[in-house]
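Read off the chains here:
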Amino acid sequence: MRSPGKNPRHFGLYCISGETPDNLAMTTWHWGKLYEKIVRIILNGTWKEETDGVGNRAINYWWGMSSGVVDLICSQDLPQGTKQLVSLLRNNICSDALVPFYGELCAQDGTVMNKADQVIPPRDIITMDWLVENVVGNIPNIADLTEEAQAVTKMQGLGKTGASEI
């Protein structure tokens, strides 16, 4: 249980059920592992430069949980059964036994965003501007973000945030 006055982090997945939000989980990136993998690829001679047909280099950094670059940390306050479920899901994602973006997925308004027998391609995942139907909440409009968040959003190359174009 949180002590009164403790300033929780307001990022990641959290639940607001009282005066103080309860942090549940958040994604973390192990940048050192990413850089190490890139350097090893260069040193062992398997680095490949590719073009997108226009001459621009297209480099794929799509390394997820199975590579150890991306992970999920959970609140110590989660029930043990929930922690076990998260661990099971993480292990199945890492071993490719579970593909989170496979099958029929519907947006909050009921629009089918992915067909039952398909996997959403990485390009569509990283540019998602919609939430799945069972997610409570919304994506803020660009105008609702702080100036700093707007700048980061633009720097990340995101085309849309909520209903407003950048």
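Please refer to the structure higher up on the page.
Here's a quick rundown of the structure. (Residues numbered from 1 in each chain as written. Predicted model: local features only at pLDDT ≥ 70, side-chain atom pairs only at ≥ 80, totals over all residues. Heavy atoms only, no water.)

1. With respect to the overall build of the protein
Link 1 in the chain: What the protein contains, in helices and strands, is four helices and seven strands.
Link 2 in the chain: Ordered by position from N to C terminus, the α and β elements of the protein give β-β-α-β-α-β-β-α-α-β-β.
Link 3 in the chain: For the protein, buried positions account for 17% of its 166 residues.
Link 4 in the chain: Taking the contacts inside the protein whose residues are at least 6 apart along the sequence as the reference set, 35% of them involve residues at least 24 apart.
Link 5 in the chain: For the protein, the exposed surface amounts to about 12,600 Å²; the carbon and sulfur share of it is 54%. (Helix = DSSP H or I, 4+ residues; strand = E, 2+ residues; numbered from the N terminus. Buried < 20%, exposed > 50% of the residue type's maximum accessible area, 1.4 Å probe, protein only. Contact = heavy atoms within 4.5 Å. Areas by Shrake-Rupley, 256 points an atom, 1.4 Å probe, with all protein chains shown as cover.)

2. Some thoughts on the sheet that holds strand S2 (residues 22-29)
Link 1 in the chain: In space, the three strands of this open sheet follow the order S1-S2-S3, with antiparallel pairing throughout. Two strands lie at the open edges of the sheet, namely strand S1 (13-15) and strand S3 (70-74), each paired on one side alone. Averaged over all pairs of adjacent strands, the angle between their axes in this sheet comes to 10°, without regard to strand direction.
Link 2 in the chain: Pairing of S2 with S3 involves five bridges; the strand directions are antiparallel. Looking at the pairing, Thr28 lines up with Asp71 of S3. (Pairing = 2+ DSSP bridges. Axes fitted to C-alpha atoms, helices over the stretch in contact; angles between N-to-C directions.)

3. Description of unusual backbone geometry
Link 1 in the chain: Located in the positive-phi region is Asp96, a residue other than glycine, with phi close to 65°.
Link 2 in the chain: Here Asp96 lies in the loop between helix H2 (80-94) and strand S4 (105-106).
Link 3 in the chain: Taking the relative accessible area as the measure of exposure, Asp96 reaches 62% and is therefore exposed.

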